[in-house]
Amino acid sequence: MGAHLGQHFLASEGYRKRILDALRLTGRETVLEIGPGRGELTALIAERAGRLIAVEIDPVLAARLREQFVENPRVEIVQADILRVPLDAWPAPVRAFGNLPYYITSPILLRLFENARRFDRIVVMVQQEVAERLSAQPGTRDYGLLTVTANFYTSVRMLFTIPPGAFQPRPKIFSAVVEMKIAPKELAGEKAFFRMAKEAFAQKRKTLMNNLKQSYGTDRVKAALGAVALKETARAEELSVEKMIELFLALGLP
Ligand code: SAM
C-alpha cells in the first residue's frame, strides 16, 4: 500500500479549513468522501454534514477510520474501490468530495459526471494540470473532451491551488481545488453527443471536418457547419459546449 494508491495526505490545517468552506455545508447534507485516508478532513466534514459516507480502498486505513468514527452514527466507512461502488445507493442530492488519488483521477471524474444527477455539487482536489483542463476556456491549449464533459454536467470553477509542501509525502506537482455545481444540460441523445464529441477531439490538430467526415460524410459535415455558422476550418477546441450541442443537433445521427 502507499504510493501506488496515490496516498498524499493533506497535512496543512489552513488548507483543510479552506476546503471545508468550499463544501458549503449547512448540517443537512449527505456527503460522499472519496479516499478519506487518515481521516483528518473526514473529521471536519463529519462535524458539519448530516450524513457522511467515506469510501476508502486501503483496508488498513479503512479499519482505522472505522475505529475513529465508531461512536458517530452519521459516519459510514465503506472499504471499497470508488470505481465499483454503486453511486445511486443514497438518496439524492449527495455532495461529492475527494482529494482524489492521482492515478485514477479521470476515471473517477467521468464516473461522477455519468452520475451527475445524483449530486448537487462536486468539490475535488486534483493535480493543477487537471484543474486547468476542467476549467479551461474554449480556444485555449487546455480545452478538450474533459472540459466539454465537465461543462455539460456542471458549472466549473477552479478555487485555489495548493503547493506540494502542504502534503505528506510531498507530491512533485501543485494541486488545485475545483468546485463543480451540478447543472446538467438536458439533451435527448446524450450518449450519441459524447460519441460525436470524442470523434471531434480525436485528433486535436485536425479540423472538425477531418475528424467527423468518416462517420458523417463530407457533405453532411459541411452542411452542419454552415447551419451553425462555423467555418470549414473550425476545430473542436474552439467550440463551447453549447456550440458543440448545436453542431450535434445540426449533424443528426451518423
Ligand atoms: N483525504 C485524504 C487527505 O486529503 O489527506 C487522503 C487523500 S489521498 C490523495 C487519496 C486517498 O484515496 C488515499 O487514502 C487512498 O488510499 C485512497 N484511494 C486510492 N484509490 C482508491 C480507490 N480506487 N477507491 C477509494 N479510495 C482510494
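Residues numbered from 1 in each chain as written. Predicted model: local features only at pLDDT ≥ 70, side-chain atom pairs only at ≥ 80, totals over all residues. Heavy atoms only, no water.

### A word on the pairing of strand E5 (residues 94-99)
Here's step 1: Buried residues dominate E5, accounting for six of its six residues.
Here's step 2: By the bridge criterion, five bridges tie strand E2 (residues 30-34) to E5 in an arrangement that is parallel. Bridging across to E5, Thr30 finds its partner in Val94.
Here's step 3: One ladder, built from six bridges, connects E5 with strand E6 (residues 119-127); its direction is parallel. Bridging from a neighbouring strand, Ala96 pairs with Ile122 of E6.
Here's step 4: Where the polypeptide runs from E5 across helix H4 (residues 105-114) and back to E6, its parallel neighbour, the crossover connection is right-handed. (Buried < 20%, exposed > 50% of the residue type's maximum accessible area, 1.4 Å probe, protein only. Helix = DSSP H or I, 4+ residues; strand = E, 2+ residues; numbered from the N terminus. Pairing = 2+ DSSP bridges. Right-handed = clockwise from strand over helix to strand, strands pointing away.)

### Regarding the sheet that holds E2
Here's step 1: Within the open sheet, the seven strands sit side by side as E4-E3-E2-E5-E6-E9-E7. Their pairing is mixed. Single-partner strands in this sheet number two, and they are strand E4 (75-79) and strand E7 (154-162). Looking at each pair of strands side by side, their axes are set apart by 15 degrees on average, direction ignored.
Here's step 2: Of the strands in this sheet, E5, E6, E7 and strand E9 (175-182) touch helix H1 (residues 13-23), which is tilted by about 170 degrees from E7. (Axes fitted to C-alpha atoms, helices over the stretch in contact; angles between N-to-C directions. Contact = heavy atoms within 4.5 Å.)

### Some words on the packing of helix H6 (residues 145-153) against helix H10 (residues 241-251)
Helix-helix packing is described using two parameters, namely the angle between the two axes and the distance between the axes.
Here's step 1: One way to put it is that H6 packs onto H10 with a least axis distance of 9 Å and a crossing angle of 90 degrees. Classified by the angle between their axes, H6 and H10 sit roughly perpendicular to one another. Along its contact with H6, which presents Val148, Asn151 and Phe152, the element H10 presents Val241, Met244 and Ile245. (Parallel < 35°, antiparallel > 145°, perpendicular 65-115°, else oblique.)

### Overview of the environment of Ala200
Here's step 1: Considering the arrangement of structural elements, one finds Ala200 in helix H7 (residues 190-200).
Here's step 2: Ala200 gets classed as buried once you look at its relative accessible area, which sits at 2%.
Here's step 3: Once the C-alpha coordinates of Ala200 and Ala166 are considered, the two residues, 34 residues apart in sequence, prove to be 39 Å apart.
Here's step 4: Beyond its immediate stretch of four places on either side in the chain, Ala200 contacts Leu208, Asn211, Leu212, Ala236 and Met244.

### Describing the side chain of Thr149
Here's step 1: Turning to its location among the elements, Thr149 is positioned in helix H6.
Here's step 2: Leave out the neighbours within four places in its chain, and Thr149 touches Leu110, Phe113 and Phe194.

### Observations concerning the site of the ligand
Here's step 1: Gln7, Leu10, Gly35, Glu56 and Asn99 are the nearest of the 23 residues found near the ligand.
Here's step 2: Note that an oxygen atom of the ligand is positioned 2.6 Å from one of the side-chain N or O atoms of Glu56.
Here's step 3: Backbone polar atom of Ile57 to a nitrogen atom of the ligand: 3.4 Å apart, as the coordinates give it.
Here's step 4: In isolation the ligand has 600 Å² of accessible area, and contact with the protein removes 99% of it.
Here's step 5: Mapped by element, the contributors of at least two residues to the shell around the ligand are strand E1 (9-10) and strand E3 (51-56).
Here's step 6: Considering only residue class, the shell around the ligand consists of 13 nonpolar, six polar and four charged. (Near = heavy atom within 4 Å. Polar contact = N/O pair within 3.5 Å; in protein donor to acceptor, adjacent residues only side chain to side chain. Areas by Shrake-Rupley, 256 points an atom, 1.4 Å probe, with all protein chains shown as cover. Nonpolar A, V, L, I, M, F, W, Y, C, P; charged D, E, K, R; others polar.)

### A closer look at the domain arrangement of the protein
Here's step 1: Domain boundaries assigned for the protein yield domain 1 (3-182) and domain 2 (190-251).
Here's step 2: In this structure, domain 1 and domain 2 have C-alpha centres spaced 33 Å apart.
Here's step 3: Across the contact, 12 residues belong to domain 1 and 15 residues belong to domain 2.
Here's step 4: Both faces considered, domain 1 and domain 2 share a buried interface measuring about 1,100 Å² in area, 68% of it formed by carbon and sulfur atoms.
Here's step 5: A per-residue breakdown of the area domain 1 buries against domain 2 is headed by Tyr143, Leu145 and Phe152, which together make up 48% of the total.
Here's step 6: Remark: the boundary between domain 1 and domain 2 carries one salt bridge.
Here's step 7: The residue Glu190 makes a salt bridge to Arg117 at a minimum N-O spacing of 3.2 Å. (Domains from an automatic or database assignment. Buried area = accessible area lost by both parts, 1.4 Å probe. Salt bridge = Lys/Arg side-chain N within 4 Å of Asp/Glu carboxyl O.)

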